[in-house]
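Chain residues, written in single-letter form:
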Amino acid sequence: MTNSNEPMLTVSSSPHIRCKQTTSSIMQNVVIALLPALFVAGYVFGIKALLIVAICVASCVLSEALIEKLMKKPITISDWSAVVTGVLLGFNMPVNAPWWMCIVGSVFAIGIVKQCFGGLGHNFINPALAARAFLLASWPTHMTGTAFIPTADTYTTATPLGLLKEGGNLSAMPSNMDLFLGLNGVYGSIGEISALALIIGGVYLIVRGVISWRIPTVYLATVAVLSVCFGKDPIFMLCSGGLMLGAFFMATDYVSSPSTPKGQIIYAFGCGLMTMIIRMVGGYPEGVSYSILLMNVAAPLIERFTKPRIYGAPIKEKKAKKIQEGGASND
Amino acid sequence: MYACIKNNPVFFCFIMLKYHHKIYESEVFDLQSTDIHSFKGGIHPPYNKERTQNVAAKVAQEPNVVTIPMSLHIGAPCKPVVKKGDSVFLGQKIGEATGFVSAPIHASVSGTVKAVAQYPHPNGNNVMSVVIESDGKNTVDPEIKPYGDFNNYSSKEIIDIIKNAGIVGMGGATFPTHVKLSIPPDKKVDCVILNGAECEPYLTADYHLMKLRPEKVVQGLRIAMRAVGVQKGFIGIEDNKPDAIEKIQSAILPDEAIEVVILKTKYPQGAEKQLIMAVTGREVPSGGLPADAGAVVMNVGTAAQVATTFETGMPLYKRFLTCTGDAVKDACTMEVKVGVPLQEVIDQCGGFANDPGKIIMGGPMMGVAQFSTNVPVMKGTSGILCLTKASAEIPEPSACIRCGHCANVCPIHLQPLYMAAYAQHQRWEKCEEFHILDCIECGSCAFSCPAKRTLVSSIRVGKRQVQALRKQRAVKNK
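Note that this is a predicted model, so its numbers are computed, not measured.

Parameters and conventions
- Residues numbered from 1 in each chain as written.
- Chains lettered and ligands numbered in written order.
- Predicted model: local features only at pLDDT ≥ 70, side-chain atom pairs only at ≥ 80, totals over all residues.
- Heavy atoms only, no water.
- Contact = heavy atoms within 4.5 Å.
- Buried area = accessible area lost by both parts, 1.4 Å probe.
- Salt bridge = Lys/Arg side-chain N within 4 Å of Asp/Glu carboxyl O.
- Polar contact = N/O pair within 3.5 Å; in protein donor to acceptor, adjacent residues only side chain to side chain.
- Helix = DSSP H or I, 4+ residues; strand = E, 2+ residues; numbered from the N terminus.
- Buried < 20%, exposed > 50% of the residue type's maximum accessible area, 1.4 Å probe, protein only.
- Pairing = 2+ DSSP bridges.
- Phe/Tyr/Trp six-rings, centres within 6.5 Å; stacked < 30°, edge-to-face > 60°.
- Lys NZ or Arg CZ within 6 Å of the ring centre and 35° of its normal.
- Core = buried A, V, L, I, M, F, W, Y, C linked by side-chain atoms within 4.5 Å.

Visitor: Would you take a moment to explain the interface of chain B and chain A for this structure?
Guide: Much of the literature gives interface size as the accessible area that the parts lose upon coming together. Between chain B and chain A, the residue contacts involve 74 residues of the former and 49 residues of the latter. Note on chain B versus chain A: buried area summed over both sides is about 5,400 Å², and carbon and sulfur give 62% of it. Across the contact surface, chain B and chain A share three salt bridges. Note that K307(A) is salt-bridged to E433(B), the shortest N-O span being 3.6 Å. Inspection of the region where chain B meets chain A yields 24 residue pairs in polar contact (both at pLDDT 80 or more). Elements represented by at least two residues in the side of chain B that touches chain A include exactly helix 1 (2–24), strand 7 (111–120), helix 8 (272–280), strand 15 (356–361), strand 16 (368–370), helix 15 (444–448) and helix 16 (455–477) of chain B. At seven residues, helix 1 of chain B tops the list of elements feeding residues into the side of chain B that touches chain A.

Here you go:
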């Protein structure tokens, strides 16, 4: 039957068409979404901030390539995930962080948190946040206090949340509008100062379908409601610290958050609850990074208990079971 | 700079308002809430139907030789009842059904039997086939007579007529129609649903059929309703085929209990379970049949064939199919006889425009890739899709990033990421726990995977192993 004129045909399993979206296009979208916050950082902190972000990105990408080369694995830097980690880590650094700390953080994020557990898709916590926690624990003086002040003539001495926690010169407290726009002063790490810029980026990601609305919305709503309960100004609580950065860009990390809709809601509520507990009663002024890290660890468990109901499954499976069990115990 | 950022949200909202339809209806995401005539999940692949939608359907040239495999349906293959040298009429039975889930096969030309031997089959194996050389006369079997008004026949008689005409599901699954219409007495069915969704990209065979022969489609539904003994009939059509909807609607008599249900254009809207959900709002229980949800689903092509059989007595021997794809010169939909080699159909579409990389029987989402163009058209061949080497390229899979898109688009609400991963690690019990057997293999997950993972093929492997596991268990328990 076969003749030599017949074309050589590919035979593969269906489906035979694939969507245009790829892992790298998703990561590129995240980087695009982070650009507004980067612009604000450049405007407020100057070239120094941009330099820190650049060092983080470069060392993340380099260490990923190097480690994969050493482990004789395919080099996957073209998927842009290391770039995202680098930008996020840079955003979590204070502007006065020394250059070597950026490199140490990047190597920790990529080498330990990501590659040691199997590379992309296998890190159980967010690499950038883990690196931030690592740096904060190792060099607390470089990560807090005066580290946030770009030049000597700036009058603030602590982040707004730090002021709130430790007291001090409360007249230096910025207005909510300043916190929201982040253009008039220096209130934290490089990437977290402008809530507006982060919201723009986050909405971009939601609209492009990269992240779901659930995690950021529930996270922010939980913080807002709880701050009212604690008698604090919810707008201040939402716009200060790393909350916006965390809610839109860190908590939504695919790998370390649940993929089920219900699970995402529970996870985001947990993030909000932990954040407020740390901010209000914990030892640190800011709790976003630790709360997300804690919930990252809980994510697989949450996911296991929030499996969606499949089409055609008996609707009242649990109820029926309960009735059965109840009947059995009555006997 | 300040002003720029200050104005940004307004600008952004404006952009969103202007383009939100486009953004929402992007390839993968269906963020709009489920409306009544749809289902949750699904995808919006590029449909590529325009090319053949606006070209008039034609009748294919008469073949000189047809190769008719004895397996044109799901179920037991047929036993050939002719031998080499026999002369056969058009519509004469050449293959006898060998079980309940089986359907007889008829000659699609009149002429002489050249061979009864093993020939390549679109499923990839060699299958016993009957090769008939046409005498070009198409002399109809003298035994074939029109059945006339279906109201003169009982339910059982109608089902027998359908069985003898070799009618099987023409949407692609080729499940024998008489089995579908024989409802077990313990099931309560209250409606027959015709599937005119044609949600597979590229294909326009059902569309052209509904446009050209709407009265046949509706008549077929009436016959099926009588066979099943129900009063209510639905015809589900996606809203991207307004002229087909109009034609069908005008073919329905004003006092009839037949309703056209306009469905949202979304893949897989035409999948049986999703169609039942969209039309009736009911779910087919896991592991159950449509009859468990009180419905019988038939393709519009099958219904039209049932009507034709009653009108003329002719069995199923030809069908509409769409020959398209970027490797074909003049794509079109045509009526082709069963047993014609794919190459002959492609040649009638002007041949290949570019070197073909992949030939798919069926649509791009669920069709079967062919290793040769010398396999014949079957009863369930709804399309021949020829892709160029560039479009056929298989992307390199990368690591799963757990984005959850596969679970979001799954019309059964499964978690393909876990099923595929467990299947790859050969943990079959885990596959079963994640309801792998409920997968309908629609391909939405693999389509939407940004890491281009081979989800469907992994799941298929898992399904087979779980089925084997269940059989083992059943043997043990006995």
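Visitor: Please explain the pairing of strand 2 (residues 65–69) of chain B as it appears in this structure.
Guide: Along any regular strand, the residues point their side chains to alternate faces of the sheet. Residue and element names in this part refer to chain B. Of all the five residues making up strand 2, four are buried; the element is thus mostly covered by neighbouring parts of the structure. As defined by bridge partners, strand 2 adjoins strand 8 (residues 126–134) across five bridges and the pair is classed as antiparallel. Bridged to V65 within strand 8 is E133.

Visitor: Where do I start with the packing of aromatic side chains in this structure?
Guide: The geometry of an aromatic ring pair is captured by two quantities: the separation of the ring centres and the angle between the planes. Scanning the model with the defined rule gives nine aromatic pairs over all chains in all. Their ring planes at 65° and their centres at 4.8 Å tell us that F117(A) and F124(A) sit as a pair that is edge-to-face. Under the relative-accessibility criterion, F117(A) is labelled partly exposed at 43%. Since its relative accessible area comes to 39%, F124(A) is described here as partly exposed. With 5.9 Å between their ring centres and 75° between their planes, Y153(B) and F310(B) make a pair best called edge-to-face. One end of the pair, Y153(B), is in the loop between strand 8 and helix 3 (155–164); the other, F310(B), is in helix 9 (residues 300–312), with 157 residues separating them in the sequence. Here the two residues Y153(B) and F310(B) agree in accessibility, since each one is buried. Site record: aromatic cluster; members linked through ring pairs are W100(A), F108(A), F134(A) and W139(A). Here K307(A) stacks its cationic end above the ring of F434(B), 4.2 Å away from the centre of that ring. One Lys or Arg, K266(B), reaches over the ring of F39(B) and ends 4.5 Å from the middle of that ring.

Visitor: How do you make sense of the nonpolar core when you look at a structure like this?
Guide: A general feature of soluble globular proteins is that nonpolar side chains tend to end up buried together. Within the largest apolar cluster, 89 residues are counted, with the highest numbers of intra-cluster contacts made by M93(A), Y219(A), F249(A), Y267(A) and I292(A). Ranked by the residues each element gives to this core, the list is headed by helix 1 (residues 23–45) of chain A, at 12 residues. Ignoring any residue separated from it by four or fewer positions in sequence, one finds M93(A) in contact with I52(A), C56(A), M101(A), C102(A), L135(A), M143(A), S189(A) and I190(A). Counting residues in each nonpolar core, the second largest holds 47 residues, with I161(B), L221(B), M298(B) and A304(B) among its members.

Visitor: What is the right way to look at the pairing of strand 13 (residues 318–324) of chain B in this model?
Guide: All names here are of chain B. Of all the seven residues making up strand 13, six are buried; the element is thus mostly covered by neighbouring parts of the structure. Pairing geometry for strand 13 and strand 14 (residues 332–337), over six bridges, is antiparallel. Residue pairing in the sheet places K318 in a bridge with K337 of strand 14. The pairing of strand 13 with strand 17 (residues 383–388) spans three bridges and is classified as parallel. Looking across to strand 17, one finds that C323 is bridged to I384.

Honestly, it's all geometry; don't read function into it.
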